[in-house]
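Architecture and fold: a report
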Amino acid sequence: MSSHSLHVEDLTVSYRRIPALHHVGFTLTCGSAVGVLGPNGAGKSTLLKALAGLLPLETGRITFHGREMKGANQEFAYLPQREMVDWDFPTTVRGVVEMGRYLSVRWWKRFSQEDRLAVDAALEAMQMTALQDRQISALSGGQQQRVFLARALAQEAHVLLLDEPFTGLDQPSQEGLKLVFRQLRAQGKLLLISHHDLGSVPELFDQVLLLNGELLAAGPVADVFTQENLTRTYGTRVFSRIDHGLAT
């Protein structure tokens, strides 16, 4: 799986003819965790949604393992920001994870034994089996994130697109989520994670994409996560408190 690569070429996405992302291009390989960084309104969520097939492309193409991706597909799983989810929706943990099978089951088919086993395996991998009958509104923040990760595993996605997954989590939940991400990366998954806590970037990511309407820098953390590049991305030098964690 580590030989799989995601290639984005000349990607432009607009809202009401106003570009949110301009001609973005990069190549990433599975088995890595990539931080998507930039100020509010920089296009981080737009990029993740476009990759997931949830937004139309004005220009460009997305290919994965040499095959062009158009629209929602089984290879990509999108995990939205927690505040964008209706946690009062009347469904259980298992019900959410079963949604990960919908792209492969299609509307005219019933769940097969293979589908049920995939859901079981995803729940077990995220340590959510004991909570599978619990209403999602009764979960903690960390458990909610695990449910969506289990849904992505049930989908058997290779690329996980996570929008601010650490926001609102307490410290133990954040540490648990970091461990899960390390495990998924070791399994050969490609994780693209929009993130705002710059101090934790060297700990979390192998590579970063620096966005502000366009791609300003991309590459390994050691090479790209520099004060110069951050100043270009955010428009001002405001990160002296984390300078010790930056490359020079």
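Structure shown above.
Parameters and conventions
- Residues numbered from 1 in each chain as written.
- Predicted model: local features only at pLDDT ≥ 70, side-chain atom pairs only at ≥ 80, totals over all residues.
- Heavy atoms only, no water.
- Helix = DSSP H or I, 4+ residues; strand = E, 2+ residues; numbered from the N terminus.
- Contact = heavy atoms within 4.5 Å.
- Buried < 20%, exposed > 50% of the residue type's maximum accessible area, 1.4 Å probe, protein only.
- 1 Å grid on protein atoms, 1.4 Å probe; cavity = no way out; pocket = protein on both sides within 12 Å on 5 of 7 lines; lining within 4 Å.
- Points joined across faces, edges and corners; volume = space filled by probe spheres on them.
- Nonpolar A, V, L, I, M, F, W, Y, C, P; charged D, E, K, R; others polar.
- Phe/Tyr/Trp six-rings, centres within 6.5 Å; stacked < 30°, edge-to-face > 60°.
- Expected span 1.5 Å × (residues − 1).
- Core = buried A, V, L, I, M, F, W, Y, C linked by side-chain atoms within 4.5 Å.
- Pairing = 2+ DSSP bridges.
- Axes fitted to C-alpha atoms, helices over the stretch in contact; angles between N-to-C directions.

Considerations on the environment of Leu-79
With respect to the secondary-structure elements, Leu-79 resides in strand β6 (residues 76-79). Taking the C-alpha atoms as reference points, Leu-79 and Leu-160, 81 residues apart in sequence, are found 7.5 Å from one another. Leaving out residues up to four positions away in the same chain, Leu-79 has contacts with Phe-148, Leu-149, Ala-152, Leu-161, Leu-162 and Asp-163.

So, unusual backbone geometry
Of note in the backbone geometry, Glu-156 takes a positive phi value of approximately 65° without being a glycine. Its identity as a non-glycine residue notwithstanding, Glu-164 has a phi of 50°, on the positive side. When its relative accessible area of 14% is taken as the criterion, Glu-164 is described as buried.

Considerations on the layout of surface pockets
In this model, the largest pocket occupies a volume close to 230 Å³. If you go around the largest pocket, you meet 16 residues; those closest to its centre are Phe-76, Ala-77, Tyr-78, Arg-151 and Gln-155. When contributions to the lining of the largest pocket are tallied by element, the ones reaching two or more residues are β6, α3 (102-105) and α5 (141-155). Split into classes, the residues belonging to the lining of the largest pocket amount to 12 nonpolar, three polar and one charged.

Description of empty space enclosed by the protein
For the structure on display, the rule yields one cavity of 30 Å³ or more. Estimated volume of the largest cavity: approximately 50 Å³. Ala-33, Lys-178, Phe-181, Arg-182, Arg-185, Ile-193, Leu-204 and Phe-205 are the residues that line the largest cavity. At four residues, helix α6 (residues 171-186) tops the list of elements feeding residues into the lining of the largest cavity. For the lining of the largest cavity, the residue count by class is five nonpolar, no polar and three charged.

Remarks on the packing of aromatic side chains
Under the criterion given, the structure shown has three aromatic pairs. Ring geometry for Trp-87 versus Phe-148: centroids 5.6 Å apart, planes at 90°, classification edge-to-face. Of this pair, Trp-87 sits in the loop between β6 and α2 (93-98) while Phe-148 is found in helix α5, placing the two residues 61 residues apart along the sequence. On the basis of relative accessible area, Phe-148 is assigned to the buried category, the value being 9%. Seen from their ring centres, Phe-166 and Phe-181 are 5.6 Å apart, and the 90° between their planes marks the pair as edge-to-face. Taken together, the positions of Phe-166 in the loop between β7 (159-163) and α6 and Phe-181 in helix α6 put the pair 15 residues apart, joining distant regions of the chain. Across this residue pair, the class does not change: Phe-166 and Phe-181 are buried.

Considerations on the side chain of His-195
As for its position among the elements, His-195 is in the loop between β8 (190-194) and α7 (201-204). Contact partners of His-195, with chain neighbours within four places excluded, come to Val-36, Leu-37, Glu-164, Phe-166, Ser-200, Val-201, Leu-204 and Phe-205.

Considering the environment of Leu-54
If you trace the backbone, Leu-54 turns up in the loop between α1 (44-51) and β4 (59-64). The sequence separation of Leu-54 and Lys-70 amounts to 16 residues, and the corresponding C-alpha distance is 9.8 Å. Among residues more than four places away in sequence, those in contact with Leu-54 are Lys-49 and Tyr-78.

Overview of α6
Here α6 contains 16 residues, and its C-alpha end-to-end distance of 23 Å stays within 8% of the 22 Å for a straight helix at 1.5 Å per residue. Gly-188 lies just past α6 and shows a positive phi near 100°.

Let's talk about the nonpolar core
One recurring pattern in soluble globular proteins is that nonpolar side chains are buried together. In terms of nonpolar packing, the biggest core is built from 46 residues, with Leu-149 and Phe-181 touching the most fellow members. At seven residues, the largest contribution of residues to this core is made by α5. Residues contacting Leu-149, with those up to four places away along its chain left out, are Leu-79, Met-126, Leu-160, Leu-162, Leu-177, Val-180, Phe-181 and Leu-184.

Some remarks on the sheet that holds β7
With respect to topology, six strands assemble into an open sheet ordered β6-β7-β8-β3-β9-β10, the strand pairing being mixed. Pairing within the sheet leaves two strands with one partner each, and these edge strands are β6 and β10 (215-220). Neighbouring strand axes in the sheet, compared pairwise and without regard to direction, differ in orientation by 15° on average. Bridge analysis of strand β3 (residues 32-37) against β8 gives five bridges, and the strand direction is parallel. Within the sheet, the bridge partner assigned to Gly-35 lies in β8 and is Ile-193. Taken strand by strand, α1 contacts β3, β6, β7, β8 and β9 (207-211), and its axis lies near 150° from that of β7. Against the sheet, α6 engages β3, β7 and β8, with an angle of about 145° to β8.

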